[in-house]
Amino acid sequence: MKKALPLLAAPLALAACSTLGLPNGDVTGSISGTAPAGGDVRLALLGRTGGGFENNAVDQVDVGTFNPQKRVYAISLPAAPRAGAYEVTAYVDSNGNKAYDAGEPRTTYQNRFLIYSNSDLGLFGFNVKQGWNRVEGSAVSQGRPFSGFDLRW
């Protein structure tokens, strides 16, 4: 039994630090409404630009279904992404390529996004601190996990 304990503890320790690809819960929330048909529902972290969206930081995971009307998710944020603004969204992977493509059905924008900054500064009209910052309306906060990041179809 004593020999088996380290063998059991190792996978748990790896899972706890997201080494095996399990999300560590940097961003958590629920997805309400009914997803459009036509493919698997996935999550994406999309870079926000003035003219729209581009997928410049792919951190996509499958959404686990807990009941048909409400889904709960947890994702890990990239440790060192490009500085900029990002949106968490759920989408229907219509073409099955496991990446968000323009035109695929996705959750509505909720006036909430994340900003990653390499230093404390003014960015996109907000005063942000180094690292990940949550922006909701005009309020900026820092400190993970970012919970209650709910999405809606």
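Now for a look at the structure at hand.

Rules and cut-offs
- Within each chain, residues carry numbers counting from 1 in the order of the written sequence.
- Owing to the predicted nature of the model, reporting of local features is limited to residues with pLDDT of at least 70; listing and counting of side-chain atom pairs is limited to 80 or more, with chain, interface and lining totals taken over all residues.
- Side-chain metrics in this entry use all non-hydrogen atoms of the structure; hydrogen atoms and water are not considered.
- The helix count covers DSSP runs of H or I at least four residues long, the strand count covers runs of E at least two residues long, and both are numbered beginning at the N terminus.
- The term polar contact refers here to a pair of N or O atoms within 3.5 Å; inside protein, the definition further demands a hydrogen-donor-capable atom paired with an acceptor-capable atom, and it admits residues adjacent in sequence only when both atoms are side-chain atoms.
- We call two residues in contact whenever any of their non-hydrogen atoms come within 4.5 Å of each other.
- Nonpolar core, defined: a set of buried Ala, Val, Leu, Ile, Met, Phe, Trp, Tyr and Cys residues in which side-chain atoms within 4.5 Å join the residues together.
- A simple rule labels every residue: compare its accessible area, found with a 1.4 Å probe on the protein chains alone, to the largest value its type can have, and call it buried under 20%, exposed over 50%, or partly exposed in between.
- For this analysis, a salt bridge means a side-chain nitrogen from Lys or Arg found within 4 Å of a carboxyl oxygen belonging to Asp or Glu.

Attention now goes to the side chain of Arg-134. Its place among the elements puts Arg-134 in strand E9 (residues 131-136). At 2.7 Å, the side chain of Arg-134 and the backbone oxygen of Ser-147 are in polar contact. Filtering out sequence-adjacent residues up to four positions away, Arg-134 remains in contact with Arg-112, Phe-113, Leu-114, Ala-139, Val-140, Ser-141, Phe-146, Ser-147, Gly-148 and Phe-149.

Below, the discussion takes up the nonpolar core. Among the nonpolar cores identified, the biggest contains 20 residues, and Val-27, Tyr-73, Val-88, Leu-114 and Trp-132 are the most heavily contacted of them. Broken down by secondary-structure element, the contributors of at least two residues to this core are strand E1 (27-32), strand E2 (40-49), strand E4 (70-75), strand E5 (84-93) and strand E6 (112-117). Top element by residues in this core is E5. It accounts for four residues. In this structure, Ala-85, Ile-115, Phe-126 and Val-128 belong to the second largest nonpolar core, which totals six residues.

Before going further, it helps to examine the pattern of salt bridges. Per the stated rule, a full pass over the model turns up five salt bridges. Between Arg-144 and Asp-26 there is a salt bridge, and its shortest N-O distance comes to 3.3 Å. Taken together, the residues Arg-144 in the loop between strand E10 (139-142) and strand E11 (151-152) and Asp-26 in the loop between helix H1 (4-16) and E1 connect sequence positions 118 residues apart. Overall, Arg-144 belongs to the partly exposed group, its relative accessible area being 45%. Salt-bridge contacts for Glu-87 lead to Arg-106; the nearest nitrogen and oxygen are separated by 3.3 Å.

The next point concerns the environment of Lys-98. Looking at where Lys-98 falls in the secondary structure, it is placed in the loop between E5 and E6. For Lys-98, a relative accessible area of 54% gives the class exposed. On a C-alpha basis, the gap between Lys-98 and Ala-44 in space is 9.3 Å, while along the polypeptide they are 54 residues apart.

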